[in-house]
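Geometric and topological summary
Read off the chains here:
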Amino acid sequence: MKLFYQHMQPRKLNTKSLDPRKLSRIELKNLLVETGYVPQEMVLTDVVEMLTAELPLLIEGPRGAGKTALAEAIAEACNLNLFYFQCMEGLSLGDLLYEWEKEAQNQVIEQAVKSGMALYEARRLIWTKDFLKIGEILSAFIEPSANHQPNILVIDEVDKLPVANEDMLLQVLARSYAHIPRLQPDSKLGLPENQPPPIVFLTSNNMRSGISAPMRSRFLFTEVYSPTPIEEMEILKAQVNDANPNLLEQIVRMMVKIRSLPNISPDNKPALREAISLLKSLTKKNISNLSYSVFESHISHLAKTGKDRKSLLASKEQVVKYSLSSSGVAKAGF
């Protein structure tokens, strides 16, 4: 059996691993904040419940709001193996769970028959784990973890999966094993003995075909919403702890103003991800205040299309003035 988890991020060796399911709410929150991730309180409540219930958690919300980052932060905070699978159209059973190595099977049969073995006997040799290639999602269930701690599995943008691909995942997500026809000696392949099931996060922008009712029925649900200015301030402080306090406030006010502009595409309005990226860049350059020139030279962090770039440049005066004004402080909710 070959495990193909090229997207797996291994835990740090010689570092203690923790089981998130055994942590209190405050312990989990403190560990997340130490990694730079500040969880929203309702989301934290739902995460604690999914850990207690040992059920997958579906996280929906706008892009850049921190859905995938939540799972990554838990893996980092608790030093656990992180398995990551990016959903898209056109995936096969082999991409998600497993596939048989047909060429190797044919070679074994050919060699066995040449050595004098009957064909029906030779065919019995090939339906074993030795001829299975295991995909990323099933790998998270069968790969042993350190000290019997759970693995973390992220199934990203699950709303991009066609229904046929969703059906492939129902069994393994509900029962922690996959039924593989012809596999000998047992057609069930899943969790090793005494290993806890992986902690499974599924993320969705809910922008395409959506997720089927049978799929949703197997998960707990939470929603990550765009942060308030106060929340965004806390997150930016945690992410860029050496940032100039004045600059940090200006960035938050600037984001508030840009997101209110009617001439920026709703799907491309800068999110938390863009705010973090911009603040990191300015802090690295020891820039302590926004200005027209700073705004123009760093607009690549904020505009995601040519049209939005032109719109932002046309609105730079009102954006920068709002960012620097004391009235902007009150309006932004500080």
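Residues numbered from 1 in each chain as written. Predicted model: local features only at pLDDT ≥ 70, side-chain atom pairs only at ≥ 80, totals over all residues. Heavy atoms only, no water.

What follows is about the pattern of salt bridges. Under the counting rule described, the total for this entry stands at 12 salt bridges. In this structure, Glu60 engages Arg216 in a salt bridge whose closest nitrogen and oxygen atoms are separated by 2.6 Å. Of this pair, Glu60 sits in strand E2 (residues 57-60) while Arg216 sits in helix H9 (residues 213-216), and the two are 156 residues apart along the sequence. Classification of Glu60 as buried rests on a relative accessible area of 9%. Taking relative accessible area as the criterion, Arg216 reaches 29% and is therefore assigned partly exposed. For Lys304, the salt bridge identified is with Glu274, shortest N-O distance 3.9 Å. Of the two residues, Lys304 is situated in the loop between helix H13 (292-297) and helix H14 (306-314) and Glu274 in helix H12 (residues 272-284); the sequence distance between them amounts to 30 residues. On the basis of relative accessible area, Lys304 is assigned to the partly exposed category, the value being 43%. Given the relative accessible area of 4%, Glu274 is considered buried. If you follow the salt bridges from partner to partner, you end up with Arg25, Lys29 and Glu41 in one network. (Salt bridge = Lys/Arg side-chain N within 4 Å of Asp/Glu carboxyl O. Helix = DSSP H or I, 4+ residues; strand = E, 2+ residues; numbered from the N terminus. Buried < 20%, exposed > 50% of the residue type's maximum accessible area, 1.4 Å probe, protein only.)

It is at 11 Å that the axes of helix H1 (residues 25-34) and helix H2 (residues 41-53) come closest, and there the two elements cross at 120 degrees. Taken as axis vectors, H1 and H2 run oblique relative to one another. Pair H1 / H2 crosses with right-handed handedness. Contact with H1, carried on its side by Arg25, Leu28 and Lys29, involves Glu41, Leu44, Thr45, Val47, Val48 and Leu51 of H2 and no other residues of that element. Here the residues of the contact of H1 with H2 sort into five nonpolar, one polar and three charged. (Axes fitted to C-alpha atoms, helices over the stretch in contact; angles between N-to-C directions. Parallel < 35°, antiparallel > 145°, perpendicular 65-115°, else oblique. Left-handed = near helix turned anticlockwise from the far one by under 90°. Contact = heavy atoms within 4.5 Å. Nonpolar A, V, L, I, M, F, W, Y, C, P; charged D, E, K, R; others polar.)

Turning our attention to the sheet that holds strand E6 (residues 152-156). The parallel open sheet is built from five strands, whose spatial order is E3-E6-E9-E2-E10. Bordering the open sheet on either side are strand E3 (82-86) and strand E10 (220-223), each of which pairs with just one other strand. Strand-to-strand twist in this sheet, taken as the mean axis angle between neighbours without regard to direction, amounts to 20 degrees. Taken together, the five bridges between E3 and E6 define a ladder with parallel strand orientation. Bridge pairing links Tyr84 to Val154 in E6. Across the face of the sheet, H2 comes into contact with E2, strand E9 (199-204) and E10 while running at roughly 165 degrees to E10. (Pairing = 2+ DSSP bridges.)

So, on to the environment of Leu279. Assignment of secondary structure puts Leu279 in helix H12. Overall, Leu279 belongs to the buried group, its relative accessible area being 0%. Each C-alpha atom, one on Leu279 and one on Leu236, is 7.8 Å from the other, the two residues being 43 residues apart in sequence. Those residues in contact with Leu279 that lie beyond four places of it in its chain are Leu236, Val240, Ala243, Leu247, Leu248 and Ile251.

In this section: the confidence of the model for the protein chain. Here the protein chain averages 90 in pLDDT, while 93% of its residues score no lower than 70. Looking over the protein chain, one finds the lowest element-wise mean pLDDT in helix H16 (residues 326-332), namely 52, and the highest in H2, namely 97. (pLDDT = per-residue confidence, 0-100.)

Let's shift gears to the environment of Tyr37. If you trace the backbone, Tyr37 turns up in the loop between H1 and H2. Taking relative accessible area as the criterion, Tyr37 reaches 11% and is therefore assigned buried. Among all residues touching Tyr37, those that are not within four sequence positions of it are Leu32, Gly66, Ala69, Leu70, Ala73 and Gln239. Of note is the side chain of Tyr37, whose polar atom sits 2.9 Å from the backbone oxygen of Gly66. (Polar contact = N/O pair within 3.5 Å; in protein donor to acceptor, adjacent residues only side chain to side chain.)

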